[in-house]
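Letter by letter, the chains look like this.
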Amino acid sequence: MMPATHAALYRIERTEDRVPVARPSTLRGPNGDPGDVLIEDLSTTGCRLATATDHAIGDEVMIGLAGVGIRQAQVVWAEEGHIGCAFDEPLSLNDIQKTRFAETVAEGRFGNLPTAAEEDAEDGAQGSDFSPRMRLAIIGSLAVASWLAIGGVAAAGLALVQG
């Protein structure tokens, strides 16, 4: 008797060797929220990440690579606590070296920090009382008033010098 469901395992053939990195980074999933990850290894075509958040195969993600910038990738495999990603555009060998040895400017732990929208909802904040047009008018008025004040001071100084 044949089981109702069955699974087949396929080996993913690597086209490039992976380089151990063990570097903290930030991953943005399909919803755009940042999360802390650890880049465990890296190649020109992809990477293995340790992550506390779940990602589905096929998810489009953005990965921050120190010294290189943000790279778009797709999740190609996922196990509890780890995902494998394939870059949309391959890295150069130089990019891999930059990521391995770049100095991190600042490390952050995003964890479960609320988004700005969630904070506003918690605080009951309604945002600014002024419309964008009103804010622009206020900024413009302050700029004109500043220039008039500067002109007045300059005219007074000129009158003292000439007088």
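Presented here is a report on the structure given in the accompanying data block. (Residues numbered from 1 in each chain as written. Predicted model: local features only at pLDDT ≥ 70, side-chain atom pairs only at ≥ 80, totals over all residues. Heavy atoms only, no water.)

## Overview of a nonpolar patch on the surface
And step 1. On the surface, a nonpolar cluster with roughly 370 Å² of combined accessible area is contributed by Phe130, Met134, Ile138 and Leu142.
And step 2. With respect to the helices and strands, leucine 142 occurs in helix α3 (residues 132-162). (Patch = residues over 30% accessible without salt bridge, like charges linked within 9 Å, V, L, I, M, F, W, Y side chains within 5 Å. Areas by Shrake-Rupley, 256 points an atom, 1.4 Å probe, with all protein chains shown as cover. Salt bridge = Lys/Arg side-chain N within 4 Å of Asp/Glu carboxyl O. Helix = DSSP H or I, 4+ residues; strand = E, 2+ residues; numbered from the N terminus.)

## Here's the deal with the pairing of strand β3 (residues 46-51)
And step 1. Counting buried positions over the 6 residues of β3 gives 5, a clear majority of the element.
And step 2. Sheet analysis places strand β2 (residues 34-42) next to β3, joined by 5 bridges and oriented antiparallel. Bridge pairing in β3 places leucine 38 opposite alanine 50.
And step 3. Counting the residues in the hairpin turn of β2 and β3 gives 3 residues.
And step 4. Relative to strand β6 (residues 82-87), β3 runs antiparallel, the two sharing 5 bridges. Across the sheet, residue arginine 48 finds its bridge partner in β6, namely glycine 84. (Buried < 20%, exposed > 50% of the residue type's maximum accessible area, 1.4 Å probe, protein only. Pairing = 2+ DSSP bridges.)

## Details of the environment of isoleucine 57
And step 1. Mapped onto the elements of the fold, isoleucine 57 is located in the loop between β3 and β4 (60-65).
And step 2. Note on isoleucine 57: relative accessible area 61%, which makes it exposed.
And step 3. In the structure, isoleucine 57 is positioned 19 residues away from valine 76 in sequence and 5.3 Å away in space, judged by C-alpha atoms.
And step 4. Excluding residues within four positions of it along the chain, isoleucine 57 makes contact with Val75, Val76, Trp77 and Ala78. (Contact = heavy atoms within 4.5 Å.)

## Some remarks on the sheet that holds β4
And step 1. Strand order around the closed barrel formed by 6 strands is β1-β2-β3-β6-β5-β4, with antiparallel pairing between neighbours. The mean inter-strand angle of the sheet, taken between neighbouring strand axes irrespective of direction, is 45°.
And step 2. Sheet analysis places β4 next to strand β5 (residues 69-79), joined by 6 bridges and oriented antiparallel. Pairing of glutamate 60 across the sheet is with glutamine 74, part of β5.
And step 3. On the sheet, helix α1 (residues 93-101) packs against β1 (19-28), β2, β4 and β5 and is oriented at approximately 80° with respect to β1. (Axes fitted to C-alpha atoms, helices over the stretch in contact; angles between N-to-C directions.)

## A short note on the pattern of salt bridges
Side chains that carry opposite charge are capable of pairing whenever their charged atoms lie near each other.
And step 1. Scanning all chains against the criterion turns up 3 salt bridges.
And step 2. With a closest N to O distance of 3.3 Å, arginine 18 and aspartate 41 form a salt bridge. One end of the pair, arginine 18, is in the segment before β1; the other, aspartate 41, is in strand β2, with 23 residues separating them in the sequence.
And step 3. Judged by its relative accessible area of 26%, arginine 18 falls in the partly exposed class.
And step 4. The partner of glutamate 40 in a salt bridge is arginine 48, with the nearest N and O atoms 2.5 Å apart.
And step 5. Arginine 48 sits in the partly exposed class, given a relative accessible area of 26%.

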